[in-house]
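Chain and residue survey
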Amino acid sequence: MTVSFKDKVAIVTGAGGGLGREYALELGRRGAKVVVNDLGGSRDGTGSSDAAAQVVEEIEKAGGEAIANGASVTEYEQMEKMVADAKQKWGGVHILINNAGVLRDKTFAKMEPADFEFVVKVHLTGSAFATKACWETFREQAYGRVLMTASSTGLFGNFGQANYGAAKLGLAGLTKTLQLEGAKYNIKVNTLSPVAGTRMTEDLFPEEAFKLFDPVNVVPAALFLVSEDAPTNAIVGAGAGGFHSAWVMMNDAVWLKEEDRTVEGFAANWDKIGAMTNLHAPQSGAEQSAAILKAMQGVLGSGAAPSSARD
């Protein structure tokens, strides 16, 4: 099976280097028309360069079509114009890879509120703005593929990255709602947690590990997750040739009778409430309520109701 992006228009944010550059180049090789979006700043979001234009040149030299775009994901009007320009040139937008990001790492004790706010704005709000700018087009054409870029920091935590982790887990949550809202319009939304040697991680890896985690090794997962046959609501980790899935899990609910609903009663049942057994991955928030009702019925019997419901 060959995965083709012929006749598809793709936007990749933060595509001037690193992961975004590799995504854009491979999309171009596989037939997509690519909007290469990048401010060209350093990893803390400052400065500028012509990095996007250089990626466009590479795509065109290989026989593809691309345009450079220097809009900021933190400015919604600029995202709207980016989408409008792509539609004017190529007639639509089908794929969005939210890849733009910055780092301002410090322990939470030393982190300035402005640094927390800025990182969340670029990663979380910026991805929401870019997606919103595409959303109505996706609905109208009954086709859309969106990839959010999360992180192991967001999913599992990492010392010194409270701002980054908060934003990245927020993106996984954004995915989960958008995939529900987009389902009937054939809009699929997924989350990627990449591990790659880029300008954002160059001082975090030893030199040999940096080479091992070449961004090109993340491309297979990223492009599959925005392909026509992509799943939806997946969280996928990728790096150095290794791939895995992750889930937001919950165990079976423990329903406490009214007389046990005290701090002491909860404490007495913590071993069961906190047990990593009978885990499953809900597909919507409604399943939490359903799990509680199921546990209640297991205690009271299917025909019974709690006293508060009978009164």
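So, a few notes on the structure that sits alongside this text. Please read all numbers here as calculations on a predicted model, not as lab measurements. Within each chain, residues carry numbers counting from 1 in the order of the written sequence. Two thresholds apply to this predicted model, a pLDDT of at least 70 for residue-level local features and 80 or more for giving and counting side-chain atom pairs, whereas whole-chain, interface and lining totals are computed over all residues. Calculation of side-chain values draws on the structure's entire complement of heavy atoms; hydrogens and water are dropped beforehand.

1. Considerations on unusual backbone geometry
Only a minority of non-glycine residues have a phi that is not negative, and only a minority of peptide bonds are not trans. Positive phi, close to 55°, is recorded for A240, a residue that is not glycine. Segments assigned H or I by DSSP are reported as helices when at least four residues long, segments assigned E as strands when at least two residues long, and all are numbered from the N terminus. Mapped onto the elements of the fold, A240 is located in the loop between β7 (235-239) and β8 (242-246). One non-glycine residue with positive phi stands out, namely N278, at about 50°. Mapped onto the elements of the fold, N278 is located in the loop between α10 (270-273) and α11 (286-300). Note on classification: 1.4 Å probe, protein chains only; a residue is buried when its accessible area is under 20% of the maximum for its type, exposed when over 50%, partly exposed between these limits. Since its relative accessible area comes to 54%, N278 is described here as exposed.

2. What to know about the side chain of S127
Here S127 is to be found in helix α4 (residues 113-141). Apart from residues no more than four positions distant in its own chain, S127 is found in contact with N98, V122, M148 and L171. Here a residue-residue contact requires only that any non-hydrogen atoms of the pair lie within 4.5 Å.

3. What to know about the nonpolar core
In this structure, Y23, L27, V34, V36 and L192 are the most contacted members of the largest nonpolar core, which totals 32 residues. Looking at this core, the elements with two or more residues in it are β1 (9-12), α1 (18-29), β2 (33-37), α2 (51-61), β4 (95-98), α8 (219-224) and β7. The biggest single contributor to this core is α1, with five residues. Not counting chain neighbours up to four residues away, the residues in contact with V34 comprise A10, V12, A24, L27, G28, I59, E65, A66, I67 and W90. Grouping buried Ala, Val, Leu, Ile, Met, Phe, Trp, Tyr and Cys residues that are joined through side-chain atoms within 4.5 Å yields what is termed a nonpolar core. Judged by nonpolar contacts, the second largest core, of 29 residues, contains A86, A133, C134 and F138.

4. What to know about the pairing of strand β6 (residues 187-194)
Burial runs high along β6: seven of the eight residues are buried. Alignment of strand β5 (residues 144-149) against β6, held across six bridges, turns out to be parallel. Among the inter-strand pairings, L147 is bridged to a residue of β6, identified as N190. In short, DSSP must find at least two bridges between two strands for them to pair. Relative to β7, β6 is paired through four bridges, and the arrangement is parallel. Within β7, the residue paired with T191 across the bridge is I235.

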